[in-house]
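Report on the structure
Each chain, letter by letter, is given below.
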Amino acid sequence: MPPTRKRPLRTLLTALVAALVPLLAALTFTAPPAAARTSAVPAATLTEVTGFGENPSNLQMYVYVPAGVTAHPAVVVAVHYCTGSGPAMYSGTEWASLADRHGFVVIYPSVTRASKCFDVSSPQALRRGGGSDPVGIKSMVDWVVRTYSADTSRIYATGMSSGAMMTNVLLGDYPDVFAAGAAFSGVPFGCFATTDGSEWNSACAGGTVIRTPQQWGDLVRAAYPGYTGPRPRMQVWHGTVDDTLRYPNFGEEIKQWTNVLGVSQTPAATDTPQSGWTRTRYGGTGDHAPVEAISLQGVGHNLYASGMGARALTFFGLDTSGPGPQPQPAACRVKATTTAWNTGLTGSVTLTNTGTSTLTGWQLGFTLPAGQTITNGWGASYAPSSGAVTATNASYNGTLAPNASVTFGYQATHTGNSSAPSAFTLNGSACAVG
């Protein structure tokens, strides 16, 4: 009997591979990569999304993605009023139709607590990452950014009443997330603050909480201590006979956001877009001014009407088929130095017009380091004397031709930090430094 011949090793390996190939192919088709398992929501349909991320107050997330959503779309967070809901905000405003026209994504957060009001009053809500509703809304934004590769430089918030108050809160808590906001019948950030668990602040609602611009600005800055980056622009709307959130809140919002953005409280432009409306712009005269405020004569709390969303869209810069307004090269350059002694210092600021047009009147915004207070100045007037300061030209140096410079200065006290300001805005636009 002939000896049994062993099968060569190569033959065995070939057989093993032949057996494995179909198995691997089956696994490939039954277990797609993680990226492929991420499913987008149906187009042009309001859809609830669950499991979107950290959500300490159990908000619901609804999202609307137009059929023509753009690559790297912008995102608008549309926040409802008390007793409302995300679906009510979807059906009662034109944000979905505007999204159809311009290709951005709309998020509609929805409250599940009994009042159907957003938390804009608890200590948790009024600080970045503190918990409650703002954290859940930030998670919704993150989900859209991940799922649709959204443009993180074009994320906006808008809302009515409770949603307007939340718009103020979101811009305060997350200035690095939101590019701008539009608040319809709201109150300043922190105005509704309570410590007893109540959702309602009668003093704020009644318009009796009055603070200085610096105090209002400090509330916003305290929400994200140490943040020194750009701040979102703000558009505010209010009716003069609002009996739910009284009209003085409108002026307090203006004081707050002009201080936060480092621009003058004196309007750079005033007009009447339609009968009974007064629009003021601060820190700039165009559609994208740092702060825009619209007062509606004889109108009550429920002021929102069709067409107002389109005006907010223009303020955001989303009413074109392309991206919103991008930062332009600085048309100004600033050099600032200080000379210090004991608890005092002298500051010198040189402003150069690097643009191609002559400036007629200028306002230079900057933030003094903590502990510094201006005691007197020359070549400009300064207000306020600490924090976010605006220097306004004197009567004799307000005209600056292209490439012309003006030098002005101030004396200040300090508590240890005698540094010069490090960032400047000229009439609302950022300047190069150095």
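Structure report, in brief. (Residues numbered from 1 in each chain as written. Predicted model: local features only at pLDDT ≥ 70, side-chain atom pairs only at ≥ 80, totals over all residues. Heavy atoms only, no water.)

So, the layout of surface pockets
As a reminder of what qualifies: Using a grid of 1 Å spacing that covers the protein atoms alone, one calls a set of points a cavity when a 1.4 Å probe fits there but cannot get out, and a pocket when the set is open and has protein on both sides within 12 Å along at least five of seven lines; lining residues are those with an atom within 4 Å of a point. Grid points are joined across faces, edges and corners, and a volume is the space filled by probe spheres set on the points. Numbered from the N terminus, helices here are DSSP runs of H or I no shorter than four residues, and strands are runs of E no shorter than two. Throughout, the ten residues Ala, Val, Leu, Ile, Met, Phe, Trp, Tyr, Cys and Pro are labelled nonpolar, Asp, Glu, Lys and Arg are labelled charged, and all others, Gly among them, are labelled polar.
In this structure, the second largest pocket encloses a volume near 160 Å³. Those elements giving two or more residues to the lining of the second largest pocket turn out to be helix 9 (248-260), strand 16 (380-383) and strand 17 (388-393). Residues that form the lining of the second largest pocket fall into these classes: 6 nonpolar, 8 polar and no charged.

Some points on the nonpolar core
Most often, soluble globular proteins keep nonpolar side chains buried together rather than apart. Our working definition: For this analysis, a nonpolar core means a set of buried residues of the types Ala, Val, Leu, Ile, Met, Phe, Trp, Tyr and Cys, connected via side-chain atoms within 4.5 Å. Burial classes: relative accessible area under 20% of the type maximum marks a residue as buried, over 50% as exposed, and values in between as partly exposed (1.4 Å probe, protein chains only). Whether two residues are in contact is decided by their heavy atoms: any pair within 4.5 Å suffices.
Core analysis: the biggest nonpolar cluster contains 58 residues, and M61, V63, W143, V144, M166, F178 and F192 have the highest contact counts within it. Considering each element in turn, this core owes the most residues, 7 residues, to helix 5 (residues 133-148). Excluding residues within four positions of it along the chain, F192 makes contact with V120, S121, M165, V187, E199, W200, N201, C204, A205 and L245. Counting 30 residues, the second-largest nonpolar core is a separate cluster that includes F104, L296, L303 and M308.

Things to note about helix 10 (residues 308-316)
We apply this condition: In this description, the arc belongs to the directions extending from the helix axis to the C-beta atoms.
When helix 10 is considered as a whole, its buried residues turn out to be M308, G309, A312, L313, F315 and F316. Take helix 10 and look down its axis: the buried residues cluster within an arc of 160 degrees, on one side only. With its phi angle positive at about 90 degrees, G317 sits one or two positions after the end of helix 10.

A closer look at the sheet that holds strand 15 (residues 373-378)
Operational definition: Pairing between two strands requires that DSSP report at least two bridges joining them.
Across the sheet, 5 strands lie side by side as 15-19-12-11-22; this open sheet has mixed pairing. Because the sheet does not close on itself, it has two edges, and the strands there are strand 15 and strand 22 (432-433). In this structure, strand 11 (residues 332-341) lies alongside strand 12 (residues 344-353), joined through 10 bridges in antiparallel fashion. Paired with R333 across the two strands is T352, which belongs to strand 12.

A closer look at empty space enclosed by the protein
A full pass over the atoms with the stated rule returns 2 cavities of 30 Å³ or more. Along its surface, the second largest cavity is lined by V120, M165, V169, V187, P188, F189, G190, C191 and F192.

Focus: unusual backbone geometry
The omega angle of the peptide bond from A383 to P384 is -15 degrees, so this bond is cis rather than trans. With respect to the helices and strands, the residue P384 is situated in the loop between strand 16 and strand 17. Not every positive phi belongs to a glycine, and S149 is a case in point at roughly 50 degrees. Structurally, S149 is set in the loop between helix 5 and strand 5 (155-160). On the basis of relative accessible area, S149 is assigned to the partly exposed category, the value being 39%. Despite not being glycine, S161 shows a phi value in the positive range, around 55 degrees. Accessibility expressed as a relative area gives 13% for S161, which makes it buried.

Some thoughts on the pattern of salt bridges
Where charged atoms from two side chains of opposite charge approach closely, those side chains can pair. For clarity, the cut-off: A pair is scored as a salt bridge if a Lys or Arg side-chain nitrogen falls within 4 Å of a carboxyl oxygen belonging to Asp or Glu.
Following the criterion strictly, the structure yields 9 salt bridges and no others. The salt bridge involving D218 is made with R221; its shortest N-O contact spans 2.9 Å. Placement of both D218 and R221 in helix 8 (residues 213-222) is noted, with a separation of 3 residues, approximately one turn of the helix. The exposure class of D218 is partly exposed, given its relative accessible area of 36%. For R221, a relative accessible area of 23% translates into the label partly exposed. Between K255 and E252 there is a salt bridge; the shortest N-O distance is 3.0 Å. On the criterion of helical spacing, the pair formed by K255 and E252 is a turn pair, its members being 3 residues apart in helix 9.

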